[in-house]
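Coordinate inspection notes
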Amino acid sequence: MPAIAAAAAALHQQAIVVDTHNDLLMVCARRRPSEQGAYFRAAWLPQLHAGGVKIQVLPVFIDDDFRPEGALRQTLRMLETGWRIAAANPEAVQICLTGADVDAALSQERIALILALEGCEAVGTDTALFETFHRLGVRIASFTHFRRTMLADGSAEDATGSLLTQAGIEAVGLCERLGIMLDVSHLGATCTDHMLELASRPIIASHSSAHALRPHHRNLTDDRLRAIAATGGVVGINALATFIDERVHTVARVVDHIEHAASIVGVEHVGLGPDFYKEISNELHGPAVESMDGGGTLITYVPGLEGPSGLPMITDELVRRGWPEDDIRQVLGGSFHALFRRELGLPASQR
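Overview of the structure. (Residues numbered from 1 in each chain as written. Predicted model: local features only at pLDDT ≥ 70, side-chain atom pairs only at ≥ 80, totals over all residues. Heavy atoms only, no water.)

Overview of helix 10 (residues 251–265)
Each full turn of the α-helix corresponds to 3.6 residues, which orients residues three or four apart in the same direction. Counted at 1.5 Å a residue, the expected span for helix 10 with its 15 residues is 21 Å, and the 21 Å between its end C-alpha atoms agrees. Taken together, the buried positions of helix 10 are Val251, Arg253, Val254, Val255, His257, Ile258, His260, Ala261, Ala262 and Val265. Structurally, helix 10 contributes buried residues whose contacts are with helix 9 (222–230), strand 8 (235–237), strand 9 (270–272), helix 12 (312–320) and helix 13 (325–343). Positive backbone phi, approximately 90°, marks Gly266, located one or two places after helix 10. (Helix = DSSP H or I, 4+ residues; strand = E, 2+ residues; numbered from the N terminus. Expected span 1.5 Å × (residues − 1). Buried < 20%, exposed > 50% of the residue type's maximum accessible area, 1.4 Å probe, protein only. Contact = heavy atoms within 4.5 Å.)

Spelled out as structure tokens, the structure:
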């Protein structure tokens, strides 16, 4: 990793850095239950500390080996893995169910962990299961990955022009009542519009970038960026090279997406959702294989941003471009932290 300017490194370490998408549960769950806490402590905690991460969203993604029949079982396994990690490392991390929990974790210098569902295959059409997942600690949900679920279509299905299913409509209402934040990353374009029309609470995009700079179906148009901001939501900019540019795979190009989104909706609606996947892919597929299909696009990586330890490079580039410190803090995590303090786990009846 290139040297980080001292001022940028200090700013980064002082900021509340929020990463709204790291699939590390996928590899932690592959260990024996008795080994998961120690594996996280040895393999991931140093990376999170090196990246200055203070709040980490942990998505539950169900890969093809478990879909559809084993989706519920694997979802439960992965959620339990999150709780095991926290139980084995109480001095370092805490699973947070509310904004107050997040602040308590930060005050005790622990990383705040937030459990999320990515894809919701485990729900099927039985939307009442969101109540169960809420009890198990889930506080964020995206209804799809690239493909179709029984709630909605993913962005790789954009040609269908579909809306949320009836179950998806019901799920929006139930999640909003429970205090599960809704996430449109991976949701198809017209399904995203449908969810935004229905929403009465802030919507997030945990790991999406700017369609204006990289016209890929995974990215958000300026109109959708504005619509998310209009709900009070925040967009976490994805750092996978595939979704940043066809050819220019640099930290500077990632920051171009941050700057573009900020120019459209303001820094208070922009954050980081880097979608670190290389280490997970290395274990699942082998280090020589960049084989995860990004909805018809081969996944590639920005050098230096393959994992959490590279996050200070983003701060360094923002400082180099002359961004005000307060704006940098906002993008690094202030925007998502403020939203989590207001909304995370808060039932509609308590708003």
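Moving on from the coordinates now.
Looking at unusual backbone geometry
Residue His186 is not a glycine yet carries a positive backbone phi of 80°. His186 gets classed as buried once you look at its relative accessible area, which sits at 4%.

Description of the pattern of salt bridges
Two side chains bearing opposite charge may form a pair once their charged atoms approach each other closely. Using the criterion set out here, one finds 13 salt bridges in the structure. A salt bridge links Arg224 to Asp193, with the shortest nitrogen-to-oxygen separation between them at 2.9 Å. Separated by 31 residues along the polypeptide, Arg224 in helix 9 and Asp193 in helix 8 (residues 189–198) bring together distant segments of the chain. For Arg224, a relative accessible area of 18% corresponds to the buried category. The class for Asp193 is partly exposed, based on a relative accessible area of 27%. Put simply, Arg253 and Asp245 hold a salt bridge, and the shortest N to O gap is 3.0 Å. Across this residue pair, the class does not change: Arg253 and Asp245 are buried. One connected set of salt bridges, linked through shared partners, spans Asp245, Arg253, Asp256, Glu259, Glu317, Arg320 and Arg321. (Salt bridge = Lys/Arg side-chain N within 4 Å of Asp/Glu carboxyl O.)

Concerning the pairing of strand 5 (residues 138–142)
Among the 5 residues that make up strand 5, 5 are buried, leaving the element largely enclosed by the rest of the structure. Strand direction decides the pairing type here: strand 4 (residues 111–118) and strand 5, joined by 4 bridges, are parallel. Opposite Glu118, over in strand 5, you have Ser142 as the bridge partner. Since strand 4 and strand 5 lie parallel, the crossover through helix 6 (residues 129–135) that links them has a hand, and here it is right-handed. (Pairing = 2+ DSSP bridges. Right-handed = clockwise from strand over helix to strand, strands pointing away.)

Overview of the pairing of strand 2 (residues 53–61)
The buried fraction of strand 2 is high, at 8 of 9 residues. Looking at chain direction, strand 1 (residues 17–19) and strand 2 are connected through 3 bridges and run parallel. By the bridge assignment, Val17 is partnered in strand 2 with Val53. Summarising the sheet, strand 2 and strand 4 pair through 7 bridges and their orientation is parallel.

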